[in-house]
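# Descriptive analysis of the structure
Each chain, written out:
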Amino acid sequence: MPVALQKLRPLLVSAGFIGLCALFYFLRRPSISLEPLLYAEDGSIFLQTAIDSGVHSIFKTYAGYSHLLQRLVALFAVNNLSPLDYPQFFLAVAWASYLVPLCCMEALIRMGFFGRILRFSYIPYVFYPYGQETYLNLPNAYIFFPLGFILIAYAVYGRLLQGSEAPPLRVWPGFQLLLFLYGLVAVFTGPFAALYGLPLLVFVLLKRRRLSLAPVWLTVPVLLSSVQLYLSQLSYSYKVSTAEAISKLLARPDVLLDWFTIHLVSPLFGGYKPGWYLRVLPEPLQLLLVAVMVAVVVLAVRVVSRRMRQPSLLYLAMFSTMVLSLSSLLVAVRRGAPLAVLTVEDAGGRFFFWNTVLFLTILITAFVLLVRDRTTRQGTASRILACWLILSIVFYHNNVARRAAPISYSEQLEQQCRVPGKLPMELQIFAGPVWSFHLGRPQIDRLCAGVMHFTPMNSKVSDLLPRQLQPMPLHTGRTMRFPVVPQEDLKMEAVGLMIGTNNRVNHGVLRLCVQSPSAAAPVCSADVDKSRLQDNHIARFPFTGGLAVRSGETLEFSLSDLDRPGNSSKGETAIYVSRLIDSPVAFAGVS
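Residues numbered from 1 in each chain as written. Predicted model: local features only at pLDDT ≥ 70, side-chain atom pairs only at ≥ 80, totals over all residues. Heavy atoms only, no water.

### Here's the deal with the pattern of salt bridges
Within this structure, the stated rule accounts for four salt bridges. Residue arginine 119 pairs with glutamate 106 through a salt bridge whose shortest N-O separation is 2.8 Å. Linking arginine 119 in the loop between helix H5 (86-110) and helix H6 (122-127) with glutamate 106 in helix H5, this pair joins segments that are 13 residues apart in sequence. This pair shows no difference in class: arginine 119 is buried, exactly as glutamate 106 is. (Salt bridge = Lys/Arg side-chain N within 4 Å of Asp/Glu carboxyl O. Helix = DSSP H or I, 4+ residues; strand = E, 2+ residues; numbered from the N terminus. Buried < 20%, exposed > 50% of the residue type's maximum accessible area, 1.4 Å probe, protein only.)

### Some thoughts on helix H17 (residues 349-372)
The end-to-end C-alpha separation of H17 is 34 Å, in line with the 34 Å expected for 24 residues at 1.5 Å each. Of all 24 residues making up H17, 22 are buried, and the element is well covered by its neighbours. (Expected span 1.5 Å × (residues − 1).)

### Re the pairing of strand S10 (residues 555-562)
Where burial is concerned, most of S10 is hidden: six out of the eight residues are buried. In this sheet, S10 lies alongside strand S6 (residues 509-515) in antiparallel orientation, the contact comprising seven bridges. By the bridge assignment, valine 509 is partnered in S10 with leucine 562. (Pairing = 2+ DSSP bridges.)

### Things to note about the packing of helix H8 (residues 173-187) against helix H10 (residues 216-224)
Where H8 contacts H10, the two axes come as close as 9 Å, and the packing angle between them is 10°. Judged by the inter-axis angle, H8 sits roughly parallel to H10. The residues of H10 that touch H8, namely those facing Gln176, Leu179, Phe180, Gly183, Leu184 and Val187, are Trp217, Val220, Pro221 and Leu224. Of the residues belonging to the contact of H8 with H10, the class tally is eight nonpolar, two polar and no charged. (Axes fitted to C-alpha atoms, helices over the stretch in contact; angles between N-to-C directions. Parallel < 35°, antiparallel > 145°, perpendicular 65-115°, else oblique. Contact = heavy atoms within 4.5 Å. Nonpolar A, V, L, I, M, F, W, Y, C, P; charged D, E, K, R; others polar.)

### Quick word on empty space enclosed by the protein
What the rule picks out here adds up to three cavities of 30 Å³ or more. If you add up the space inside the largest cavity, you get close to 140 Å³. Every residue lining the largest cavity is counted, 16 residues in all, and those nearest its centre are Ile32, Pro36, Leu37, Leu136 and Arg403. The dominant element in the lining of the largest cavity, judged by the number of residues it contributes, is H5, at four residues. The space that makes up the second largest cavity amounts to roughly 40 Å³. Around the second largest cavity sit Tyr128, Tyr130, Gly349, Phe352, Phe353 and Thr356, which together line it. Among the residues making up the lining of the second largest cavity, the classes are represented as four nonpolar, two polar and no charged. (1 Å grid on protein atoms, 1.4 Å probe; cavity = no way out; pocket = protein on both sides within 12 Å on 5 of 7 lines; lining within 4 Å. Points joined across faces, edges and corners; volume = space filled by probe spheres on them.)

### Quick word on the nonpolar core
Counting residues in hydrophobic clusters, the biggest one holds 129 residues, and the most contacted among them are Tyr25, Tyr86, Trp354, Ile362, Leu363, Phe437 and Leu439. With 15 residues, the single largest contributor to this core is H17. Setting aside its immediate chain neighbours within four residues, leucine 363 contacts Leu268, Val296, Val297, Ala300, Leu385 and Trp388. Counting residues in hydrophobic clusters, the runner-up holds 18 residues, among them Val495, Leu497, Leu555 and Leu559. (Core = buried A, V, L, I, M, F, W, Y, C linked by side-chain atoms within 4.5 Å.)

Following this line, the structure appears as structure tokens:
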């Protein structure tokens, strides 16, 4: 094997694993990627705040903590993109957030921080059972995006705990800055970095018995994550106090048992289906079977921890995960959620994703370790975990359902461009009208700049080719016909068309004729010399004396590409039409 290929092999292997994970994740619900939609908080929370508050929106909190990633994405979108492109852009960020932890894991494996056996964690990461709420949307990207930083923190602090036995940690200064910036965004995107990073940092400081910020690029973001805990616990107004919430929960042990069964245990055995059967049993029998399932998890934890150099890090991750799960229960009650809602399947699924992935990783890893060792392959522990694996496969189901908005987003944007005076209209998105939002004037202007339908011709707004326009080819010597229906009476002095020419063939003329129902013959404009055209600009077709048109009547436009005698054109003219509305016409006239 060539030396260059040997050096590239680890990189290609990592790229292969990441690519396979992305492929299988895409196949869980292809329609989500093929038909992007805005999702819930995308509208009234992130986009609306960015439109109304501008840069100040990144400092606003929601549900008791900061969402810096989502705020930055929404702010960039409303200031730089057409509203037509918001769903695709948000989906791209959601995909990037999902892939970042995979890239971090592969890098840490290649650098020797983690063993290759941790690649088995990709299985629950891709196929975790409760995938409806968390699957590829920007609001819940805060589950995945900080995970890469948390993995880096565990890897780096774990090596520091090894002391002189570990190889020195060397990170290029430019890469330290990149990781520092990633850490800053991660810790201010949801509470997860705080729940995992702060206990880890405290543990490291206690073990090392000295106060040190090294490495600064990692420790400073972890310390800053404490701001999220302040926002959540001390600045957010809850309907119910902590004591009252605990009292409510302790008064309903049946609800606690069902909550534990549905959200923490059932996902480790395939998904909702085990919970369906367990919840119909008498409570003592349900409790007994849940205890047996928990015992299987404890067995797996013992198998894995005995083979780790630093099992304390595993216990610390489990501790943070249980704190996250239990705090989500407490916070839901403090916000006033009815107790019956706590046991709804996938309600708050984003908070139990970590529990599912961590413990499924432990279970799979334990099974692999036992089967790989000849001395334990036929043991009782191997048989128990083999039974668990079979049950999980039998009960597994992909619960990702199709998302559908109440009204087509693109159709709503088309209507927005038809509203007189460009007054903002309410735009509905997936998950209900409570998440609706409306555009501001700059966003409407950016959206409608390329929609040359029943609008005055404006060279300042529409002079450049908008990205949402599609070409409609017109061959030399041919005539193109298309209907146009004006929305108001006007005297049409000229018509503007967005023109592009292929291969810079700019000889000959273009002629536009208009046939109205009330006229006996079409009225043609003055010829436009193609040699004077500028590519992808509006070409003006004037009508001598003007042409009166009425609202609601269908006008047939015919555009002819006429060549000069003796010339043979090698290219074609393209008339650009909007992706929103299939008409390329901009009127210039007076009502």
